[in-house]
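# Residue-level structure breakdown
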Amino acid sequence: METPALTRRHFAGLGLGGAAAAASGGALAQAGPAPASPGQPGPLAAAPVSQAGLGPRLTLHAIDNFHGTPAAGMVCDLAWREGDTLTPIKTVVTGANGRPAEPLLADAALRVGQYELLMHVAAYFAARGVSLPSPNFLDRVPIRFRIRDAGQRHHLPVLFTPWGYSYYRGS
Amino acid sequence: MAGISTHVLDTDRGRPAAGIRIDFSVLEGETWRLVKSVVTNADGRTDQPILAPEEARVGQYQLAFHVEDYFRRRPGTAQADIFIDDPVVRFAIFDPAQHYHVPMLCAPGSFTTYRGS
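No experiment lies behind these values; they were computed from the predicted model shown. (Residues numbered from 1 in each chain as written. Chains lettered and ligands numbered in written order. Predicted model: local features only at pLDDT ≥ 70, side-chain atom pairs only at ≥ 80, totals over all residues.)

### So, the overall build of chain B
We count it as follows: A run of DSSP states H or I qualifies as a helix once it reaches four residues; a run of E qualifies as a strand once it reaches two. Both are numbered from the N-terminal end. We compute the radius of gyration over the C-alpha atoms and compare it with the globule rule, which gives 2.2 Å times the number of residues raised to the power 0.38. Exposure classes come from backbone-placed C-beta atoms, where a residue is buried if 20 or more other C-beta atoms lie within 10 Å of its own, exposed if 12 or fewer do, and partly exposed in between. Working definition of a contact: two residues with C-beta atoms, positioned from the backbone, lying within 7 Å.
Per the secondary structure count, chain B includes one helix and ten strands. Beginning at the N terminus, the succession of helices and strands in chain B can be written as β-β-β-β-β-β-α-β-β-β-β. Taken over the C-alpha trace, chain B has a radius of gyration of 14 Å; the compact-globule value for 117 residues is 13 Å, and the two agree within 12%. Each principal axis of the C-alpha atoms in chain B carries an extent, and together these give about 45 × 30 × 20 Å. Among the 117 residues that make up chain B, the fraction classed as buried is 30%. Expressed as a percentage of contacts within chain B between residues at least 6 apart in sequence, the contacts between residues at least 24 apart total 62%.

Dropping the structure here:
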């Protein structure tokens, strides 16, 4: 049996040229520092990634709605949650296409339960030279969600600016 | 007016979300201290401000929205569709002279917040 990571790359390369390009040309396009003002948005280099045909997994896509780009370099702490008790699972960093290199969780690691993804939003914008109040309105943003069927794919898009955010069960 | 206020909207049904419990906390050191729990009224707002102007200080604040009970009470909602899990919004008052309106727009599968007005 192939690893989930191999399966995902294999499918992305087959199905969508743009998705494959996200790992090569897209990375180059986004490699420099993001623009410091919304007037000069960087390129949205990655085409949508289809997950059709893949096994159960939890995937993340972080979109910077201030610059109009995928959010590269966003630090995210994933934790298992029971009430107010958090058990850290892993810390990931998004790549040039706004996605971590691997699914947050896949196959047997995807379990029914409550989760929290803590996104380091203030650090992300500070690293891009965005002028923020001190302390910023948003700092580390908790994204709480629940997996009710570990047999399904779960996509978690998070759209954010320094002043707000949105997340939903995507596809 | 300064202070903190909120407004909870059920964007799935296009109406204010009444009867949602909100826990309001302040960060003291490393610990979130519960200040009070309030319940949204028929307009999706709270009868009193979350934080009154004279109580506003620079600091970190938290609103925990207990939406799951609301969605489970709501007719016609499958529990399997409730993806968002009692969202928590953490934000800072950086200037106590300003007002912080922090609305939350929710559906079983999505959540949005922002600095409103």
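### Some remarks on the environment of T94 of chain A
Residues and elements named next belong to chain A. Considering the arrangement of structural elements, one finds T94 in the loop between β4 (85-93) and β5 (105-106). The buried category is assigned to T94, around which 24 C-beta atoms lie within 10 Å. Residue contacts for T94: discarding those within four places in its chain leaves A62, A71, A72, G73, M74, R99 and P100.

### Here's the deal with the nonpolar core
This is how the line gets drawn: Each nonpolar core reported here comprises buried Ala, Val, Leu, Ile, Met, Phe, Trp, Tyr and Cys residues connected via C-beta atoms within 7 Å.
Ranked by size, the top nonpolar core spans 58 residues in total, and within it M119 and V121 of chain A together with F65 and C106 of chain B carry the most contacts. When neighbours within four sequence positions are excluded, V121 of chain A is seen to be in contact with L138, D139, R140, V141 and F160 of chain A.

### Considerations on the interface of chain B and chain A
Where interface size is given, it is often the accessible area lost as the parts come together that is meant. To be explicit about the condition: Residue type decides the class: Asp, Glu, Lys and Arg count as charged, Ala, Val, Leu, Ile, Met, Phe, Trp, Tyr, Cys and Pro as nonpolar, and the leftover types, Gly among them, as polar. Two strands qualify as a pair provided DSSP detects at least 2 bridges between them.
Taken residue by residue, the interface counts 20 residues in chain B and 21 residues in chain A. Secondary-structure elements contributing two or more residues to the side of chain B that touches chain A are β7 (88-93) and β10 (110-114) of chain B. With five residues, the single largest contributor to the side of chain B that touches chain A is β10 of chain B. Across the side of chain B that touches chain A, the residue classes break down as eleven nonpolar, five polar and four charged. Here strand β9 (residues 164-168) of chain A runs beside β10 of chain B; their pairing, made up of five bridges, is antiparallel.

### Considerations on the sheet that holds β7 of chain B
Residue and element names in this part refer to chain B. The condition is simple: Axis definition: a line fitted to C-alpha atoms, limited for helices to the stretch in contact. Angles are taken between N-to-C directions and run from 0 to 180 degrees.
Taken in spatial order, the four strands line up as β5-β4-β6-β7 in an open sheet, and their pairing is antiparallel. Unpaired on one side and paired on the other, β5 (31-39) and β7 mark the two borders of the sheet. This sheet shows a mean twist of 25 degrees between the axes of neighbouring strands, independent of strand direction. Pairing of strand β4 (residues 21-28) with β5 involves eight bridges; the strand directions are antiparallel. Bridge pairing in β5 places R21 opposite V39.

### Observations concerning the pairing of strand β6 (residues 113-120) of chain A
Residues and elements named next belong to chain A. As defined by bridge partners, strand β3 (residues 75-82) adjoins β6 across six bridges and the pair is classed as antiparallel. Within β6, the position partnered with R81 by the bridge is Q114. Taken together, the eight bridges between β6 and strand β7 (residues 140-147) define a ladder with antiparallel strand orientation. Across the sheet, residue G113 finds its bridge partner in β7, namely I147.

### Some points on the confidence of the model for chain A
Test applied: pLDDT gives the predictor's per-residue confidence on a scale running from 0 to 100.
Chain-level pLDDT for chain A is 81 on average; 73% of the residues reach the 70-or-more range. Here residues 1-41 of chain A is modelled with pLDDT under 50, and outside its nearest four sequence neighbours on either side it reaches 60 contacts, counting other chains as well.

### A short note on unusual backbone geometry
Along the chain, S134 of chain A connects to P135 of chain A via a cis peptide bond; the corresponding omega equals -5 degrees. You can see P135 of chain A is positioned in the loop between α4 (121-127) and β7. The residue D107 of chain A is not glycine, and still its phi comes out positive at about 50 degrees. Summarising the element assignment, D107 of chain A is placed in the loop between β5 and β6. Phi angles above zero are rare outside glycine, and D86 of chain B is one such case at about 40 degrees. Within the secondary structure, D86 of chain B is located in the loop between α1 (67-73) and β7. Its 21 C-beta neighbours within 10 Å are what place D86 of chain B among the buried residues.

### Describing the sheet that holds β3 of chain A
Residue and element names in this part refer to chain A. Within the open sheet, the four strands sit side by side as β4-β3-β6-β7. Their pairing is antiparallel. Edge positions in the sheet fall to β4 and β7, since each of these pairs with one other strand and no more. The average undirected angle you get between the axes of adjacent strands in this sheet is 25 degrees. Pairing geometry for β3 and β4, over eight bridges, is antiparallel. Of the residues in β4, the one forming a bridge with A79 is P88.

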